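# Topology and contacts: notes
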Amino acid sequence: MNYDAIKNKHGLRHDPFKAIVAPRPIGWISTLDAEGRANLAPYSFFNALGDNPHVVMFSSSGWKHSVANVEATGEFVCNLATWDLREQMNESSAPFPEGTSEFEATGLTPAPSVAVKPPRVAESPIALECRHLQTIRIHDLDGKPADQWMVMGQVVSIHIDDAVIEDGMIDVTRIKPLARLGYRDFSVVNEVFQMTRPAGGGGAAGGA
């Protein structure tokens, strides 16, 4: 099949876009509001943008608490959502009233960060402490602003649980990170394989 993605008349039961661009890592973002109240929310439009410097981004459909808090304070933490924390991650996505602590609502433990004020999730094996770089409002091809906000931050401190390190490298099978698929589907990384990039050739340095 083929369909016009702008008109989005695909004729399917649900929009397949999120099922196509998958799996997507989940950015479990913890922030503080201007009054110092903690917030925690998962974002499936999340990824790393570069490694020199270390930059990550999350994108929000709507001006939600996480975006507002980052704009107000300039800091956030990205906590890794794992198989063991799947229920708490899902619970934290509920539309809680402003000022509600998802840490308390989900039974998670806020742990002090090292370089930023927002707490990290103590139960998560990995956390990226970030300082805000910029927020971009997405516009479509006609220049019309969408209610979609991309928040970028530079990672300034990284927490890794020593229990997931083996022979100087992170063992992702010990972490079992979650990934978002389409519809109500999720995936978990519990198996890996290796491939060696071919030597020489004219491929771009930023490839897979």
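Our subject in this report is the structure included herewith.

About the criteria used
- Residues numbered from 1 in each chain as written.
- Predicted model: local features only at pLDDT ≥ 70, side-chain atom pairs only at ≥ 80, totals over all residues.
- Heavy atoms only, no water.
- Pairing = 2+ DSSP bridges.
- Helix = DSSP H or I, 4+ residues; strand = E, 2+ residues; numbered from the N terminus.
- Salt bridge = Lys/Arg side-chain N within 4 Å of Asp/Glu carboxyl O.
- Buried < 20%, exposed > 50% of the residue type's maximum accessible area, 1.4 Å probe, protein only.
- Arc of directions from axis to C-beta.
- Contact = heavy atoms within 4.5 Å.

Reading across from one edge, β1-β13-β14 is the order of the 3 strands in this open sheet, with antiparallel pairing throughout. Each edge of the sheet is formed by a strand with only one pairing partner; in this case those strands are β1 (24–25) and β14 (186–188). Two elements, β1 and strand β13 (residues 178–180), share 2 bridges in a ladder whose sense is antiparallel. The residue bridging P25 from the neighbouring strand is A179, located in β13.

This part is about the pattern of salt bridges. In the structure shown here, the tally under the stated rule is 5 salt bridges. One network of salt bridges, in which partners are shared, links D33, E35 and R37.

The next subject is helix α2 (residues 65–73). Listed in full, the buried residues belonging to α2 are S66, V67, N69 and V70. Relative to the axis of α2, the buried residues are bounded by an arc of 165 degrees and lie together on one face. Against β2 (27–32), β3 (38–43), β5 (54–61), β6 (75–80), β9 (126–139) and β10 (145–160) lie the buried residues of α2. Of the residues trailing α2, G74 is marked for its positive phi of about 80 degrees.

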